[in-house]
Amino acid sequence: MDRAIHAEDVKASTPLGFMRRLGFGVGDFGINIFWNTTNLFAMFFYTDVIGLSNIASGTIIFGAMLWDALTDPVAGYLIGRTNSPFGKFRPYLLLGAIPLSISFWLMFSIPEAGAGAMIAYAFGSQLLFRTCYTVVSVPYSSLSASMTSDSDERSRLAVHRMVFATAAGVVVAGLTRAGADALGAGDLALGFQRIAMIYAGLGMLAILLCGTVVREPKLPGGTPHRPSLKLTLQALRGNTAFVYAFAIVVIGMSGMTIANKGVLYYLKYNLDAEDQTGLVLVSVALCLMVFVPLWGLHAQRFGKRNVWLAGTLISICATTLLFLNPVQQVAVVTPLFVFGAVGGAAHYFSIWAIIPDTVEFGEWKTGIRADAVIFGAIAFAQKLSLGVATLIAGILLDAFGYIANQPQTDTALFGIKSLVSLVPLATGLICLPLVIKFPLDRVLHAQIVRDIADRAPRNQGT
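Residues numbered from 1 in each chain as written. Predicted model: local features only at pLDDT ≥ 70, side-chain atom pairs only at ≥ 80, totals over all residues. Heavy atoms only, no water.

Now for the overall build of the protein chain. In terms of regular secondary structure, the protein chain is built from 15 helices and zero strands. Computed over its C-alpha atoms, the radius of gyration of the protein chain comes to 22 Å, within 12% of the 23 Å expected for a compact globule of 462 residues. Overall, the protein chain is about 65 × 45 × 40 Å in size when its C-alpha atoms are taken along their principal axes. For the protein chain, with 462 residues in total, the buried portion stands at 58%. Long-range pairs, those at least 24 residues apart, make up 85% of the contacts in the protein chain with a sequence separation of at least 6. (Helix = DSSP H or I, 4+ residues; strand = E, 2+ residues; numbered from the N terminus. Rg over C-alpha atoms; globule rule 2.2 N^0.38 Å. Buried < 20%, exposed > 50% of the residue type's maximum accessible area, 1.4 Å probe, protein only. Contact = heavy atoms within 4.5 Å.)

Okay, here's the thing in structure tokens:
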């Protein structure tokens, strides 16, 4: 078949319509209320609010994320074998929203006790939350590959979900710290517990709405064939587009996570501007919200891979400037964070726009459609990188001599600055050649979709 076929020539599915896209996007608001709060504030909550040590806090989150990472691909395999009148993925949203909300609230409701008991409770509640999160997040992400096989339609879905995801980021960044202060009335631990209860309710409603609105079209050929776990894993190894994406997610997310963990410490100690934390984080989140749709428009014209490459280059430039910047003032640093968020918006959009396309790439090469397993594996990549990065952040803080709620030494201040600049710069430089060599583009995906349709009903699924 001619490689020069235009993507517009292949329309494997009808347009989803605005309400379906909107309903799908709302789900990511709920997912990211939980994700952003945990990612931004869990370690800070453990160290500066509850009073756990840096190593204990980092180890708790690392251990919980390691559990999370191990369960994600298993959940993807099991979820992918679901067959119900409501679809393969929707039932998990409808049934999992309430347990997820309760487990999230419990995670920020640590009772006063001895250090050992508090560590045990923190670890147990983290495990419970991560398990519930997996049950909801893996099927939610898998929906984007199930709802449509059209690459442009998936880009629109990615835009909708990322706009709502960044909206959740704005809420979390703008309200969490100030809200915890206000709701706690002097008791910051109580304030975090109460703000977590509010977020739990918002997240639950958003996920339930998504599960109600979205629909999963039936695959052609009736009930799909379910290959064994061994064949599924072999299919993943043969899916080179997925392998590249997996590596980029692990490396890139590790750098971003360490930087995100460092931001709160950087504002508090290097800039002496803890009271402006909300302003800085909201500025970054608003930038993400504005630029995700813009990158989506560029992707339809220039391709998703080129957008990913542009975002990586911008992130490299931003972190370089942040490290070289000698002026430690919020007015100077915030624009650099915002500039970095422009690149981050391209990265986030590209991940969720490209990963669904790797499903067809793998099916085309191996004959096995492993949609839920692929998204479970990507969730595994995210959680593995987050867990390792959080542990590294805790170790580095100790190595640089960081002591919570005390004046920091010059070495500690340099270390904190390195967390938000040198570390993400290094991971960006590692990711750059991987993005350049990524083997899947818009035109090839269009050809793949047509090839798969031509050989139906031999499609297989997990």
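Moving on from the coordinates now.
Here we take up helix 6 (residues 188–213). Given 3.6 residues to a turn, an α-helix orients residues that are three or four positions apart in the same direction. The end-to-end C-alpha distance of helix 6 is 38 Å, a good match for the 38 Å that 26 residues give at a rise of 1.5 Å each. All of the buried residues in helix 6 are Gly191, Phe192, Ile195, Ala196, Tyr199, Ala200, Gly203, Ala206, Ile207, Cys210, Gly211 and Val213. On its buried side, helix 6 packs onto helix 1 (18–50), helix 3 (90–107), helix 4 (115–147) and helix 5 (151–184). (Expected span 1.5 Å × (residues − 1).)

Our next topic: the pattern of salt bridges. Here the structure, examined in full by the defined rule, presents 12 salt bridges. As a salt-bridge pair, Arg156 and Glu153 come within 3.0 Å of each other at their nearest N and O atoms. Of this pair, Arg156 and Glu153 both sit in helix 5, three residues apart, roughly one helical turn. A relative accessible area of 3% means that Glu153 is categorised as buried. For Lys304, the salt bridge identified is with Asp357, shortest N-O distance 2.7 Å. Taken together, the residues span a long stretch of sequence, with Lys304 in helix 10 (residues 304–324) and Asp357 in helix 11 (residues 330–366) at a distance of 53 residues. For the residue pair Lys304 and Asp357, the accessibility class agrees, reading buried in each case. One network of salt bridges, in which partners are shared, links Arg154, Lys304, Asp357, Glu360, Glu363 and Arg369. (Salt bridge = Lys/Arg side-chain N within 4 Å of Asp/Glu carboxyl O.)

Of all hydrophobic cores here, the largest spans 85 residues; its most connected members are Tyr46 and Phe104. The leading source of residues in this core is helix 1, at 16 residues. Those residues in contact with Phe104 that lie beyond four places of it in its chain are Ile33, Phe34, Thr37, Thr38, Phe129, Ala196, Tyr199 and Ala200. (Core = buried A, V, L, I, M, F, W, Y, C linked by side-chain atoms within 4.5 Å.)

A few words now on unusual backbone geometry. With a phi close to 50 degrees, Ala185 is a non-glycine residue in the positive phi region. One non-glycine residue, Asp272, lies in the positive phi region at around 50 degrees.

Attention shifts here to the side chain of Ser144. Tracing the backbone through its elements, the reader meets Ser144 in helix 4. There is a polar contact of 2.9 Å between the side chain of Ser144 and the backbone oxygen of Ser141. Those residues in contact with Ser144 that sit more than four places away from it in its chain are Phe24, Arg154, Leu157, Pro356 and Phe375. (Polar contact = N/O pair within 3.5 Å; in protein donor to acceptor, adjacent residues only side chain to side chain.)

Okay, the packing of aromatic side chains next. On inspection of all chains with the given rule, the structure shows 19 aromatic pairs. With a centroid separation of 5.2 Å and 80 degrees between ring planes, the pair formed by Tyr265 and Tyr402 is classed as edge-to-face. Here Tyr265 is found in helix 8 (residues 240–270), whereas its partner Tyr402 is found in the loop between helix 12 (371–399) and helix 13 (410–420), with 137 residues between them in sequence. By relative accessible area, which is 3% here, Tyr402 ends up buried. Members of the aromatic cluster, each reached through a chain of ring pairs, are Phe34, Trp35, Phe41, Phe45, Tyr46, Phe104, Phe108, Phe129, Tyr133 and Phe192. Above the ring of Trp352, the side-chain terminus of Arg161 is found at 4.2 Å from the ring centroid. (Phe/Tyr/Trp six-rings, centres within 6.5 Å; stacked < 30°, edge-to-face > 60°. Lys NZ or Arg CZ within 6 Å of the ring centre and 35° of its normal.)

Axis separation between helix 8 and helix 13 bottoms out at 7 Å; the angle between their running directions is 140 degrees. Of the possible angle classes, the one that applies to helix 8 and helix 13 is oblique. Where helix 8 crosses over helix 13, the handedness of that crossing is left-handed. Here Ile258, Ala259, Gly262, Val263, Tyr265, Tyr266, Tyr269 and Asn270 of helix 8 come into contact with helix 13, specifically with Leu413, Ile416, Lys417, Leu419 and Val420. Residues belonging to the contact of helix 8 with helix 13 are distributed by class as follows: 10 nonpolar, two polar and one charged. (Axes fitted to C-alpha atoms, helices over the stretch in contact; angles between N-to-C directions. Parallel < 35°, antiparallel > 145°, perpendicular 65-115°, else oblique. Left-handed = near helix turned anticlockwise from the far one by under 90°. Nonpolar A, V, L, I, M, F, W, Y, C, P; charged D, E, K, R; others polar.)

This part takes up helix 5. The end-to-end C-alpha distance of helix 5 is 47 Å, a good match for the 50 Å that 34 residues give at a rise of 1.5 Å each. Burial analysis of helix 5 places 24 of its 34 residues in the buried class, the great majority of the element.

Let's shift gears to the packing of helix 1 against helix 3. Contact geometry for helix 1 and helix 3: axes closest at 11 Å, N-to-C directions at 15 degrees. One way to sum up the angle between helix 1 and helix 3 is to call them roughly parallel. Handedness of the helix 1/helix 3 crossing: left-handed. Within the contact between the two elements, helix 1 uses Ile33, Phe34, Thr37, Thr38, Phe45 and Tyr46 and helix 3 uses Leu100, Ser101, Phe104 and Met107. Looking at side-chain class alone, the contact of helix 1 with helix 3 contains seven nonpolar, three polar and no charged residues.

Once that is clear, we can look at the state of the cysteines. Under the defined criterion, the tally for this structure stands at zero disulfides. Free of any disulfide, Cys132 has its nearest neighbouring cysteine sulfur in Cys210, separated by 18 Å. You can call Cys132 buried: its relative accessible area is 14%. Free cysteine: Cys287, not disulfide-bonded; nearest cysteine sulfur from Cys317 at 15 Å. Taking the relative accessible area as the measure of exposure, Cys287 reaches 7% and is therefore buried. (Disulfide = S-S within 2.5 Å.)

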